[in-house]
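Spelled out, the chains give:
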Amino acid sequence: MATIALFHSAYGLRPAVHQAADRLRRAGHEVFVPDLYEGRTADTVEGGSEIKDSIGRDELLKRAVAATAPLSETGLVYAGLSFGGAVAQNLALGDTRARGLLLLHGTSDIADDAAADELPVQLHVADPDPFEPHDWLSAWYLRMRRAGADVEVYRYRGAGHLYTDPDLPDHDAEAAEATWRVALAFLDGI
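Quantities reported herein were computed from a predicted structural model and do not represent experimental measurements.

Participant: I'm lost on the overall build of the protein chain in this one. Help?
Facilitator: Across its full length, the protein chain carries 6 helices and 6 strands. N-terminal to C-terminal, the α/β element order of the protein chain is β-α-β-α-α-β-α-β-β-α-β-α. Whereas a compact globule of 190 residues would reach a radius of gyration of roughly 16 Å, the protein chain reaches 15 Å, a difference of no more than 12%. Counting over 190 residues, the protein chain shows a buried share of 53%. Once local pairs closer than 6 in sequence are excluded, the contacts in the protein chain between residues at least 24 apart make up 62%. Carbon together with sulfur atoms contributes 49% to the accessible area of the protein chain, which is approximately 9,000 Å² in total. Taking the average place of the 17 positive charges on the side chains of the protein chain and the average place of its 30 negative ones, the gap between the two points comes to 2 Å.

Participant: Looking at this structure, I do not really get the packing of helix α3 (residues 57-68) against helix α4 (residues 83-93). What am I missing?
Facilitator: Describing two packed helices takes the angle between their axes plus the distance from one axis to the other. As a packed pair, α3 and α4 sit with axes 10 Å apart at the nearest point and diverge in direction by 65°. Every pair of crossing elements has a handedness; the one defined by α3 and α4 is right-handed. Only Phe83, Val87, Asn90 and Leu91 of α4 make contact with α3, whose side of the interface consists of Arg57, Leu60, Leu61, Ala64, Val65 and Thr68. For the contact of α3 with α4, a count of residues per class yields 7 nonpolar, 2 polar and 1 charged.

Participant: I tried to follow helix α5 (residues 134-146) on my own but got confused; where do I start?
Facilitator: The α-helix advances 3.6 residues per turn, and as a result positions three or four apart in sequence lie on the same side. For α5, built from 13 residues, the straight-helix expectation of 18 Å at 1.5 Å per residue is met to within 8% by its first-to-last C-alpha distance of 18 Å. Among the residues of α5, Leu137, Trp140 and Met144 are the ones counted as buried. An end-on view of α5 places all buried positions within 60° of arc, on one side of the element. Facing away from the buried surface of α5 by more than 90 degrees, the exposed residues are Asp135, Leu142 and Arg146. Following α5 by one or two positions, glycine 148 has its phi on the positive side, about 105°.

Participant: Please clarify how helix α6 (residues 173-188) should be interpreted in this entry.
Facilitator: For α6, with 16 residues, the first-to-last C-alpha span of 22 Å sits near the 22 Å given by 1.5 Å per residue. Of the positions making up α6, those classed as buried are Ala175, Ala176, Ala178, Thr179, Trp180, Ala183, Leu184, Phe186 and Leu187. Of the surrounding secondary structure, the elements contacted by the buried residues of α6 are β1 (3-7), α1 (15-26), β3 (77-81), β4 (100-104), β5 (120-127) and β6 (150-157). Residue aspartate 172 occupies the N-cap position of α6, its side-chain oxygen lying 3.2 Å from the main-chain nitrogen of glutamate 174.

The rules we used
Residues numbered from 1 in each chain as written. Predicted model: local features only at pLDDT ≥ 70, side-chain atom pairs only at ≥ 80, totals over all residues. Heavy atoms only, no water. Helix = DSSP H or I, 4+ residues; strand = E, 2+ residues; numbered from the N terminus. Rg over C-alpha atoms; globule rule 2.2 N^0.38 Å. Buried < 20%, exposed > 50% of the residue type's maximum accessible area, 1.4 Å probe, protein only. Contact = heavy atoms within 4.5 Å. Areas by Shrake-Rupley, 256 points an atom, 1.4 Å probe, with all protein chains shown as cover. Lys, Arg positive; Asp, Glu negative; His and termini not counted. Charge placed at Lys NZ, Arg CZ, Asp CG, Glu CD. Axes fitted to C-alpha atoms, helices over the stretch in contact; angles between N-to-C directions. Left-handed = near helix turned anticlockwise from the far one by under 90°. Nonpolar A, V, L, I, M, F, W, Y, C, P; charged D, E, K, R; others polar. Expected span 1.5 Å × (residues − 1). Arc of directions from axis to C-beta. Polar contact = N/O pair within 3.5 Å; in protein donor to acceptor, adjacent residues only side chain to side chain.

Put into structure tokens, the structure is as follows:
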């Protein structure tokens, strides 16, 4: 069983995030779902970006750290959906006790001096994905490997960006089920 901090997408803490957390709980994991937007949600990517930008990157990371700090001593698995993946990645690379990193639909920049000694990392993305283009993903993979992470990347041809969210037009039921099947096996191995 893993203790997982699951971060929401730019849309905020919507039902799909709770559904993902419930799926992980049913598999035996303890899951915490921080609300970085403090109750605000959006119905569009643009609306989510407005909320995100109005709070600011530094404040969002501060909120994420505050939410996970009391739990990090046990060795968290950081997970996130799209923008939440970027948050999860930043926290996992800064936490020497991190047990794993599960990224759904999103990544983040990696500092040149990042260290992720044998950190298990799994990324699931649409192919193609306008927010995670091929060149970016290739560079991200190489930088993550150089940092020492043990990285797996799964791409889902023809799926939309947030394809695991059943309430969005991007949803792809087949790709979502395949993602959860692989992700749950990954978490079982941590």
